[in-house]
Amino acid sequence: MQKRIGILTSGGDCPGLNCAIRAVVSHAKLQHDWEVLGIPYATQGLLERKTTLLNLHGLDLRGIDPLLSMGGTILGSINKGDTLAHASEIIASYRALALDALIAIGGDGSLAILHQLACQGNWNLIAIPKTIDNDVALTERAIGFDTAVNTIVDALNRLTFTAASHDRVMVVEVMGRTAGHLALHAGIAGGADCILIPEIPYSIDGVCHQISELRDRWGRKFAIVVVAEGAKTANDSSIAETQNFASLECGMGQYIANQIKSHNILTDRLDVRVSILGHIQRGGIPSALDRLSATAFGKAAVDLIAREQYGQMVAWQNGRVVDVPIVDVVARSPLPVAPDNYLVQTARCMGIYVGDG
Ligand code: F6P
């Protein structure tokens, strides 16, 4: 049966979104000859009832399809805005655009809002998880995470050599909002000495003890400290409760650096520098793994529509793509790093300080 499906990207962008759009359009067109409408700027586009007809090879340059390797999203995205204030108009847009189904590529916040709209409007919604934070529940992978981890690892490689040349402590602040997956994965892969994540309170004594141990036991004169933007101590409620990280007068990286500099366990005055990787983590060419997940997710989303199995999110579990109810995803997200996580144990066995004491 001929269908008309909408697709949108919502929330913070990340590498791999265009791969997912490409996969949806390819599968919908080649296998089903369905019409695919791109909705720009997520709920903003729905509100304004704007669409773009997406065609195979629509962006080809001499036969080269740039969507596989392009970061960002050709549809544009928003991660702010008062969607719920315009809920009834947005809900009505689904029928006004004569959509048979809507594919939303989003993180936990966007999926929660779109799920609510879909329930109220009786939409046929399918979700694809994306976020560099990797905190969407019930999936081991979200689009964008792997590329962001690789970007941080690349930065750590560079920073390690300059830290070693100058005998410096390099504090590297990474994103992740309330979750530490990004810091934990990249910190282990990038050779960090300390990894501070929101889920496991750190103590500045623990961080400085690690730095002095490196020097006294191993003769190491430099150290790499990876700090998630939401890291906290057991008592640091003022920082920890600030959800709007961008508005922190001094970000977590600088905050930790100041604490290290003034700590009395370190008898020499340490030369400490801070690197805030910021939105660099959201850019770049998608990694092979993100391209693969995005392509498999896009294909699976179209399959769900073909089976008219709605209200589901495609997910990666145990090496394959499955689907899970969006309502369960929303109830369990954002997913924190569990304290007994095998990577936390791995990091500690490698001698990395990961907080607590
Ligand atoms: O959720 C993705 C993310 O990049 C977080 O890691 C970060 O805290 C936030 O978005 C930044 O948002 P913005 O792009 O609005 O500054």
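Residues numbered from 1 in each chain as written. Predicted model: local features only at pLDDT ≥ 70, side-chain atom pairs only at ≥ 80, totals over all residues. Heavy atoms only, no water.

Engineer: Can you walk me through the overall build of the protein in this structure?
Structural biologist: Check the secondary structure of the protein and you find 12 helices and 11 strands. For a compact globule of 357 residues, the expected C-alpha radius of gyration is about 21 Å, and the protein comes in at 22 Å, within 12% of that figure. Each of the 357 residues in the protein was classed as buried or not, and the buried ones make up 53%. Of the roughly 15600 Å² of accessible surface on the protein, a fraction of 52% belongs to carbon and sulfur atoms. Each charge class in the protein can be summarised by its mean position, and for the 29 positive and 35 negative side chains these summaries are 4 Å apart. (Helix = DSSP H or I, 4+ residues; strand = E, 2+ residues; numbered from the N terminus. Rg over C-alpha atoms; globule rule 2.2 N^0.38 Å. Buried < 20%, exposed > 50% of the residue type's maximum accessible area, 1.4 Å probe, protein only. Areas by Shrake-Rupley, 256 points an atom, 1.4 Å probe, with all protein chains shown as cover. Lys, Arg positive; Asp, Glu negative; His and termini not counted. Charge placed at Lys NZ, Arg CZ, Asp CG, Glu CD.)

Engineer: What am I meant to see in unusual backbone geometry here?
Structural biologist: Following S333, the chain continues into P334 via a peptide bond in cis, with omega recorded as -5°. One can find P334 in the loop between helix 11 (326–332) and helix 12 (342–349). The phi angle at R49 is positive, at roughly 55°, despite the residue not being glycine. In this structure, R49 sits in the loop between helix 2 (43–48) and strand 3 (52–54). Not every positive phi belongs to a glycine, and L138 is a case in point at roughly 70°.

Engineer: Any chance you could explain the site of the ligand here in plain terms?
Structural biologist: In the vicinity of the ligand, the contacting residues are N79, K80, I132, D133, M175, G176, R177, E229, H279 and R282. One of the side-chain N or O atoms of D133 is found 2.7 Å from an oxygen atom in the ligand. At 2.5 Å, a side-chain N or O of E229 approaches an oxygen atom of the ligand. Relative to its unbound accessible area of 400 Å², the ligand is 80% covered by the protein chains. (Near = heavy atom within 4 Å. Polar contact = N/O pair within 3.5 Å; in protein donor to acceptor, adjacent residues only side chain to side chain.)

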